[in-house]
Amino acid sequence: MRSVEEQQARVAAAAVAPRPVRVAIAEAQGLMCAEEVVAERPMPGFDQAAIDGYAVRSVDVLGAGAIGEDPDVREGVEAAVTLPVLGTIEAGARTPTRLQPKLATRIQTGAPMPTLADAVLPLRWTDGGQTRVRVLRAVRPGAYVRRVGDDVQPGDVAVRAGTVVGAAQVGLLAAVGRERVLVHPRPRLSVLAVGGELVDVSRTPGNGQVYDVDSYALAAAGRDAGAEVNRVGIVSGDPKKLREVVEGQLNRAEVVVIAGGVGGAAADEVRAALADLGDLEVARIAMHPGSVQGFGQLGPDGVPTFLLPTNPVSALVVFEVMVRPLIRLSLGKREPMRRIVSARTLGPISSSPGRKGYLRGQLMRDEATDEYLVQVLDGAPGGSSHLLTSLAEANCLVVVPEGVEQIDTGEIVNVAFLAQRG
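Parameters and conventions
Residues numbered from 1 in each chain as written. Predicted model: local features only at pLDDT ≥ 70, side-chain atom pairs only at ≥ 80, totals over all residues. Heavy atoms only, no water. UniProt positions renumbered as here; feature names shortened; annotations may be inferred. pLDDT = per-residue confidence, 0-100. Helix = DSSP H or I, 4+ residues; strand = E, 2+ residues; numbered from the N terminus. Contact = heavy atoms within 4.5 Å. Axes fitted to C-alpha atoms, helices over the stretch in contact; angles between N-to-C directions. Left-handed = near helix turned anticlockwise from the far one by under 90°. Nonpolar A, V, L, I, M, F, W, Y, C, P; charged D, E, K, R; others polar. Parallel < 35°, antiparallel > 145°, perpendicular 65-115°, else oblique. Patch = residues over 30% accessible without salt bridge, like charges linked within 9 Å, V, L, I, M, F, W, Y side chains within 5 Å. Areas by Shrake-Rupley, 256 points an atom, 1.4 Å probe, with all protein chains shown as cover. Salt bridge = Lys/Arg side-chain N within 4 Å of Asp/Glu carboxyl O. Buried < 20%, exposed > 50% of the residue type's maximum accessible area, 1.4 Å probe, protein only. Core = buried A, V, L, I, M, F, W, Y, C linked by side-chain atoms within 4.5 Å. Phe/Tyr/Trp six-rings, centres within 6.5 Å; stacked < 30°, edge-to-face > 60°. Lys NZ or Arg CZ within 6 Å of the ring centre and 35° of its normal.

The protein carries the name Molybdopterin molybdenumtransferase in an unreviewed UniProt entry, which gives Mycolicibacter acidiphilus as its organism. Per UniProt, the comment on the protein under Pathway (unreviewed entry) is "Cofactor biosynthesis; molybdopterin biosynthesis." If you open the UniProt record of the protein and go to Sequence similarities (unreviewed entry), you find "Belongs to the MoeA family."

**Student:** Is there a simple way to explain the confidence of the model for the protein in this structure?
**Tutor:** In the predicted model, the protein carries a mean pLDDT of 88, and 92% of its residues have values of at least 70. Put simply, helix H7 (residues 388-393) is where the protein has its lowest mean pLDDT, 71, and strand S7 (residues 104-107) is where it has its highest, 96. Taken together, the stretch residues 71-77 has pLDDT below 50 and engages in 25 contacts with residues farther than four places along the chain or on a different chain.

**Student:** I would appreciate a short explanation of the packing of helix H1 (residues 4-13) against helix H6 (residues 312-330) in the present structure.
**Tutor:** Each packed pair of helices is defined by two parameters, the angle between the axes and the distance between the axes. In contact at an axis separation of 10 Å, H1 and H6 are set at 35 degrees when each is read in the N-to-C sense. The chirality of how H1 crosses H6 is right-handed. Packed against H1, whose contacting residues are Val4, Gln7, Gln8, Val11 and Ala12, the element H6 presents Val321, Met322, Leu326 and Leu329 at the interface. When its residues are assigned to classes, the contact of H1 with H6 shows 7 nonpolar, 2 polar and no charged.

**Student:** I'm lost on the packing of helix H3 (residues 214-225) against H6 in this one. Help?
**Tutor:** Orientation of H3 relative to H6, taken along the N-to-C sense of each, is 30 degrees, at an axis distance of 10 Å. By the angle between their directions, the pair H3 and H6 is classed as roughly parallel. As H3 packs across H6, the resulting crossing turns out to be right-handed. Between H3 and H6, the residues in contact are Asp214, Ala217, Leu218, Ala221, Gly222, Asp224 and Ala225 and Pro312, Ala315, Leu316, Phe319, Arg324, Ile327 and Arg328, respectively. Class assignment of the residues belonging to the contact of H3 with H6 gives a composition of 9 nonpolar, 1 polar and 4 charged.

**Student:** Sorry if this is basic, but what is going on with a nonpolar patch on the surface here?
**Tutor:** The grouping of Val201, Tyr211, Val213 and Tyr216 at the surface amounts to a nonpolar patch, some 320 Å² of accessible area in total. For Val201, the position within the fold is in the loop between strand S14 (198-199) and strand S15 (210-211). Under the relative-accessibility criterion, Val201 is labelled partly exposed at 47%.

**Student:** Sorry, what's going on with the environment of Arg223 here?
**Tutor:** Among the secondary structure elements, Arg223 is positioned in helix H3. You can call Arg223 partly exposed: its relative accessible area is 48%. Through-space distance from the C-alpha of Arg223 to that of Arg186 is 9.5 Å; in sequence the pair is 37 residues apart.

**Student:** What is the right way to look at the nonpolar core in this model?
**Tutor:** Within soluble globular proteins, side chains that are nonpolar generally end up buried alongside one another. Core analysis: the largest hydrophobic core is formed by 38 residues, its most contacted members being Leu189, Leu218, Met287, Phe306 and Phe319. Those elements that place two or more of their residues in this core are H1, strand S13 (188-194), H3, strand S17 (255-259), strand S21 (303-308), H6 and strand S26 (396-400). For this core, the element with the most residues is H6, which contributes 11 residues. If we skip the residues at most four places from it in the chain, Phe306 touches Val11, Val255, Val256, Val257, Ile258, Gly294, Phe295, Met322, Val323 and Leu326. Val56, Val81, Val85 and Val145 belong to the second largest nonpolar core, which has 27 residues in total.

**Student:** Is there a simple way to think about the packing of aromatic side chains in this case?
**Tutor:** Aromatic rings in a pair are described by how distant their centres are and how their planes are angled relative to each other. This model, assessed by the stated rule, comprises 3 aromatic pairs. Each ring, one from Trp125 and one from Tyr144, has its centre 6.1 Å from the other, and the planes form 80 degrees; the classification is edge-to-face. In this pair, Trp125 sits in the loop between strand S8 (119-122) and strand S9 (132-135) while Tyr144 sits in the loop between S9 and strand S10 (145-146), placing the two residues 19 residues apart along the sequence. Taking the ring centre of Tyr372 as reference, the NZ or CZ of Arg365 above it sits at 4.1 Å.

**Student:** Could you clarify how one ought to interpret the pattern of salt bridges in this entry?
**Tutor:** If the charged atoms of two oppositely charged side chains come close together, the side chains can form a pair. Applying the stated rule across the entire model yields 18 salt bridges. In this structure, Arg365 and Asp370 form a salt bridge, with 3.4 Å as the shortest nitrogen-oxygen distance. By relative accessible area, which is 45% here, Arg365 ends up partly exposed. Each member of the salt-bridge network shares a partner with another, and the members are Asp224, Glu320, Arg324 and Arg338.

**Student:** Which parts of the structure should I look at to understand the UniProt feature "domain: MoaB/Mog" (unreviewed entry) in the protein?
**Tutor:** Mapped onto this numbering, the UniProt entry annotates "domain: MoaB/Mog" (unreviewed entry) at residues 190-329. When the span residues 190-329 is considered, its composition is 37% helix and 30% strand, and the gap between its end C-alpha atoms is 17 Å.

So, in structure tokens, the structure goes:
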């Protein structure tokens, strides 16, 4: 029986990231940047007002009353300073203006500063006058002004390679004038289900038939992992048809998952049908649920291909432990595994001897101590591993080492976070 870590190493060795592609920045969100995006011009590109107010020379308002202890206020003698107001500079104005001494001009946020003006006087520090403004506080030079290159200088790296492109990165790309960016694309995942007992959810199961749960659940797990998913659905067990479908998917996907092809005669039939495409090894892995699973590299490009159990819970756990890390590596992630935290158990835990357990649980936090607590939702080994409802209620997997069969209430265990909901 092979250890989980040995099987994970085999799988990880097969990871191949798709070649980076250049996409519109609106389509880059959630993907990893594959280039160093260097700014070619400063941001902002001109001195501009940071708030609505009056553009002034700070020296012209030195005599205004200083009220309070605002860091932008110069201490001084309380006195009224009144300045004539010469028009308004709006955001987007393109005609250069010059501010003469002892004058002010109204200015909008983002508007270019007039020559000689070195500060913006906030509206709340004035009486809001239109033709003449009474200044209530003084300002320091540079107050409420965004200077050329304050944010980004030419030659600065705006977005680094290896950064996941989020809202802020999209904004930075737009700010430095980039329409497109090189990213690591989502690996393409194809999901198939085999089994004569399966019917699609659009049909009513007959005697001995069940809904195809696996292809829907595994496709969703693939999207959660970051893959671009093609849910092929139910595939005929006819060897020629199965081989034809799988070969077609090998030409369009970086990862292929076949659910329902690891148990007994079914596994032999699937392997025989795909034998000339490459070697698919079905092995026992020291984990539960999902100890029997298959993996190999098929087709001329050696596409990683998985055979997963028919049981939806076992299939999802194997996907979580084996397939998801491969997808994350293909995305360029440095840390493909889920975050692990330590938690105190709220009840006893039983695990299968000689196997690493991945047990469904609910993770919570003690408000008084800030300590993580976990309640296992599985029953005794083999008793409820098939129950999909408990997996739907779980927000974590409790990881039990191979050599541990029993964990008492109050002991500390390792817990892997699952995707956050809501």
